[in-house]
Amino acid sequence: MAAAANDMFSRKACVVITGASRGLGKSVAKIFASKFPSTSLFILLSRNVSNLDVVKSEILENNPNLTIAVKKFDQGNLDQTIYDTLFDSVFKEYNVTADDFEQSVIVHNAGTLGDNTKYASDLSDVQTVQANFDMNVSGMILLNSQFLKKFSNSSKGRSVVHISSLVAIQPVPSFSLYCTGKAARDMFFRVMAVENPSIRVLNYAPGPCETDMQRACREDTLDRTTRDMFQAMHTEGNTLDCDTSINKLVELLQQDQYDSGAHIDFFDDIGGHIAKAKLDS
Ligand code: NDP
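In this text the structure is predicted, and so the values were computed from the model without any measurement.

Q: Please set out the side chain of Ser21 residue by residue, giving values where relevant.
A: On the secondary structure map, Ser21 appears in the loop between strand E1 (13-18) and helix H1 (23-35). By relative accessible area, which is 11% here, Ser21 ends up buried. Of the polar contacts made by the side chain of Ser21, one reaches the side chain of Ser46; its length is 3.3 Å. Once residues lying within four places of it in the same chain are set aside, the contact partners of Ser21 are Lys26, Ser46, Asn48, Asn51, Leu52 and Val55.

Q: Outline the nonpolar core, supporting the account with residue identities and numerical values.
A: Counting residues in hydrophobic clusters, the biggest one holds 39 residues, and the most contacted among them are Ile17, Phe32, Phe36, Phe42, Leu44, Leu249 and Leu253. Dropping the residues within four chain positions of it, Leu44 is found in contact with Ile17, Ala20, Ala29, Leu52, Val55, Ile59, Ile68, Ala69, Val70 and Lys71. If you look at the next biggest cluster of nonpolar residues, it comprises 26 residues, including Leu45, Ala98, Ile106 and Leu148.

Q: If you had to explain the environment of Gly181 to someone new, which residues and values would you point to?
A: With respect to the secondary-structure elements, Gly181 resides in helix H5 (residues 176-195). In this structure Gly181 comes out as buried when scored by relative accessible area, which is 4%. In this structure, the C-alpha to C-alpha distance between Gly181 and Ser164, residues 17 residues apart in sequence, is 9.5 Å. Excluding residues within four positions of it along the chain, Gly181 makes contact with Phe133 and Val137.

Q: Mind laying out the state of the cysteines, listing which residues take part and the relevant values?
A: Throughout this description, disulfide means a covalent bond between two cysteine sulfur atoms. Summed over all chains, the structure comprises zero disulfides. With no disulfide partner, Cys209 has as its closest neighbouring cysteine sulfur the one in Cys242, 5.0 Å distant. What makes Cys209 buried here is its relative accessible area of 3%.

Q: Which residues make up the pairing of strand E7 (residues 262-265), and what values do they have?
A: Residues Ala262 and Ile264 of E7 are buried on one face, and the alternating residues His263 and Asp265, pointing to the opposite face, are buried as well. Sheet topology places strand E6 (residues 199-205) next to E7; four bridges connect them, and they run parallel. Residue pairing across strands places Tyr204 opposite Ile264, the latter belonging to E7.

Q: Residue-level account of the site of the ligand, with values.
A: For the ligand, the set of nearby residues contains 30 residues, the closest of which are Arg47, Asn109, Tyr178, Cys209 and Thr211. One of the backbone nitrogen or oxygen atoms of Gly19 is found 2.9 Å away from an oxygen atom of the ligand. One of the backbone N or O atoms of Leu24 is found 2.9 Å from an oxygen atom in the ligand. Protein burial of the ligand: of its 890 Å² of free accessible surface, 94% is covered by the chains. Taken together, the elements giving at least two residues each to the shell around the ligand come down to H1, H5 and helix H6 (212-220). For the shell around the ligand, the leading source of residues is H6, giving three residues. Residue classes in the shell around the ligand are distributed as 10 nonpolar, 15 polar and five charged.

Q: Account for unusual backbone geometry, naming residues and giving values.
A: Phi is positive for Asn95, close to 55°, though the residue is something other than glycine. Among the secondary structure elements, Asn95 is positioned in the loop between helix H3 (80-94) and strand E4 (103-108). Residue classification places Asn95 among the exposed positions, given a relative accessible area of 70%. Phi at Ser174 is positive, roughly 85°, even though this residue is not glycine. Using a relative accessible area of 4% as the deciding quantity, one classes Ser174 as buried.

Q: Can you explain the sheet that holds strand E2 (residues 41-46)? Please cite residues and give values.
A: Strand order in the open sheet made by the seven strands is E3-E2-E1-E4-E5-E6-E7, with parallel pairing throughout. Among the strands making up the open sheet, the edge pair consists of strand E3 (67-72) and E7. For this sheet, the mean inter-axis angle between neighbouring strands, taken without regard to orientation, is 15°. Sheet analysis places E2 next to E3, joined by six bridges and oriented parallel. Within E3, the position partnered with Ile43 by the bridge is Ala69.

Q: An account of the packing of aromatic side chains is needed here, citing residue identities and associated values.
A: If you walk through the whole model with that rule in mind, you get 13 aromatic pairs. Here the aromatic rings of Phe147 and Phe151 are separated by 5.2 Å at their centres, their planes lie at 45°, and the arrangement is tilted. There is no split in this pair, since Phe147 and Phe151 are both buried. Considering the side-chain rings of Phe188 and Phe189, the 5.1 Å spacing of their centres and the 75° angle between planes classify their relative orientation as edge-to-face. Connected via pairs of aromatic rings, a cluster forms that spans Phe87, Phe91, Phe101, Phe147 and Phe151. The ring of Phe101 carries Lys12 above its face, with NZ or CZ at 5.5 Å from the centroid. Here Lys248 stacks its cationic end above the ring of Phe266, 5.1 Å away from the centre of that ring.

Analysis parameters
- Residues numbered from 1 in each chain as written.
- Predicted model: local features only at pLDDT ≥ 70, side-chain atom pairs only at ≥ 80, totals over all residues.
- Heavy atoms only, no water.
- Helix = DSSP H or I, 4+ residues; strand = E, 2+ residues; numbered from the N terminus.
- Buried < 20%, exposed > 50% of the residue type's maximum accessible area, 1.4 Å probe, protein only.
- Polar contact = N/O pair within 3.5 Å; in protein donor to acceptor, adjacent residues only side chain to side chain.
- Contact = heavy atoms within 4.5 Å.
- Core = buried A, V, L, I, M, F, W, Y, C linked by side-chain atoms within 4.5 Å.
- Disulfide = S-S within 2.5 Å.
- Pairing = 2+ DSSP bridges.
- Near = heavy atom within 4 Å.
- Areas by Shrake-Rupley, 256 points an atom, 1.4 Å probe, with all protein chains shown as cover.
- Nonpolar A, V, L, I, M, F, W, Y, C, P; charged D, E, K, R; others polar.
- Axes fitted to C-alpha atoms, helices over the stretch in contact; angles between N-to-C directions.
- Phe/Tyr/Trp six-rings, centres within 6.5 Å; stacked < 30°, edge-to-face > 60°.
- Lys NZ or Arg CZ within 6 Å of the ring centre and 35° of its normal.

Here it is, written out as structure tokens:
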């Protein structure tokens, strides 16, 4: 399908991607980098800077003029100073300001399973439960606020993409922490979307993609039926390549027809969402 006239990929952007070191985040970084103007600035975040450097080099091979900042960032470390200074330090290093960009984009991709080796009734370890919500919910909210504070000009395009999951709306045995975190993130962004009509917000569920997390789902999951389901998906070739899913995300963003705050799955019929948005308008 053709891109919308205001295709976000045609405008110079500051693009922030969390968990860009591997898996889906790496795919977002590489594919988005090939789409946005080369005058854009990409800020790649994760705990593993060497992996981020590899992603950066791979991108620069095809897009040598793009500016790419890599920054060590642990979303589970809720230190106020880290959040308060993160974007300032990158902007200072690259000598840019928010005004240098026509739009800003953040992709909240970083995520963990929490603990898929236990049922809900056995989650008695304070540290495990707290670490899950620090990383998957609180840290993400705090980073998001810093991003919007930095890009506060509501007349410029601002897009927030949350890499969600089917589990945000479907309970899965052994995945109570993961499901709860994704549901909380979805709702957070639904609220943000109604509070801020000028921000485009998308909760995108990427489908089952071949990553470290997907391997942990089929190897570590306590619940037998759930584990078998993940194993079968893998052996029967029903998992997705990350790039396939992220190309669908690109298509959704290009068409720009989703209701802000919507939860859209890889397997959803994009045409259906467009039709619904038109009916609602
Ligand atoms: P991976 O486990 O392969 O990668 C997770 C990413 O998150 C890594 O880049 C990792 O970087 C980063 N990360 C983990 N912990 C932290 C932390 N404390 N601080 C900062 N970054 C962190 O996962 P996927 O690529 O599979 O998943 C990416 C997103 O997609 C997740 O939100 C996941 O829930 C979602 N998703 C995945 C599906 C799948 O089938 N794979 C299906 C549905 C949703 P590093 O280790 O360098 O810090």
